[in-house]
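What follows is the residue order along each chain.
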Amino acid sequence: MRKDKKQVIGDEISDEQIKLFLDFEPVDATSPSLHKLIKAYRGLRIDDFERFLVFFLAAGLDLDGKDEHGQTFVDLIKDQRNAADYIELINNARG
């Protein structure tokens, strides 16, 4: 494969399928916004997560929602292997 080609694994996900991640609700004191970000992070590829953020912001959700310990999405993922790409997307979404 050429270096300028991005490998795509699996089928394309429709906007409607991505929007389903907006329906998840927490069962604890975690903010609904944070819960949705975590579910999308765990369930979507990076490109799909980027598309999700557009719908997330359009729904008026908060990129800085916190869990019961006061941690944000970035706080929770910052030590994970692929976190830098996701954190960059969050920072870009902030404007």
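Residues numbered from 1 in each chain as written. Predicted model: local features only at pLDDT ≥ 70, side-chain atom pairs only at ≥ 80, totals over all residues. Heavy atoms only, no water.

Draft legend 1. Representation of the side chain of serine 31 within the structure. Along the chain, serine 31 falls in the loop between helix H1 (15-19) and helix H2 (32-43). For serine 31, a relative accessible area of 16% translates into the label buried. Residue contacts for serine 31: discarding those within four places in its chain leaves Pro26, Gly65 and Lys66. (Helix = DSSP H or I, 4+ residues; strand = E, 2+ residues; numbered from the N terminus. Buried < 20%, exposed > 50% of the residue type's maximum accessible area, 1.4 Å probe, protein only. Contact = heavy atoms within 4.5 Å.)

Draft legend 2. Inspection of the nonpolar core at higher detail. Counting residues in hydrophobic clusters, the biggest one holds 23 residues, and the most contacted among them are Leu37, Phe49, Phe52, Leu53, Phe73 and Ile90. Only H2, helix H3 (46-58), helix H4 (73-77) and helix H5 (83-94) provide two or more residues apiece to this core. Apart from the residues lying within four places of it in its own chain, the contact partners of phenylalanine 52 are Ile18, Phe21, Leu22, Lys36, Leu37, Ala40 and Leu44. (Core = buried A, V, L, I, M, F, W, Y, C linked by side-chain atoms within 4.5 Å.)

Draft legend 3. View of the layout of surface pockets. The calculated volume of the second largest pocket comes to roughly 230 Å³. Looking at the second largest pocket, it is lined by 13 residues, and the ones nearest its centre are Thr30, Leu34, Ile38, Arg42 and Leu76. Elements represented by at least two residues in the lining of the second largest pocket include exactly H2 and H4. At six residues, H2 tops the list of elements feeding residues into the lining of the second largest pocket. By residue class, the composition of the lining of the second largest pocket is five nonpolar, three polar and five charged. (1 Å grid on protein atoms, 1.4 Å probe; cavity = no way out; pocket = protein on both sides within 12 Å on 5 of 7 lines; lining within 4 Å. Points joined across faces, edges and corners; volume = space filled by probe spheres on them. Nonpolar A, V, L, I, M, F, W, Y, C, P; charged D, E, K, R; others polar.)

Draft legend 4. Up close: H5. End to end, H5 covers 17 Å across twelve residues, agreeing with the expected 16 Å (1.5 Å per residue, within 8%). Of the surrounding secondary structure, the elements contacted by the buried residues of H5 are H2, H3 and H4. Just beyond H5, the residue with positive phi is glycine 95, at close to 95°. (Expected span 1.5 Å × (residues − 1).)

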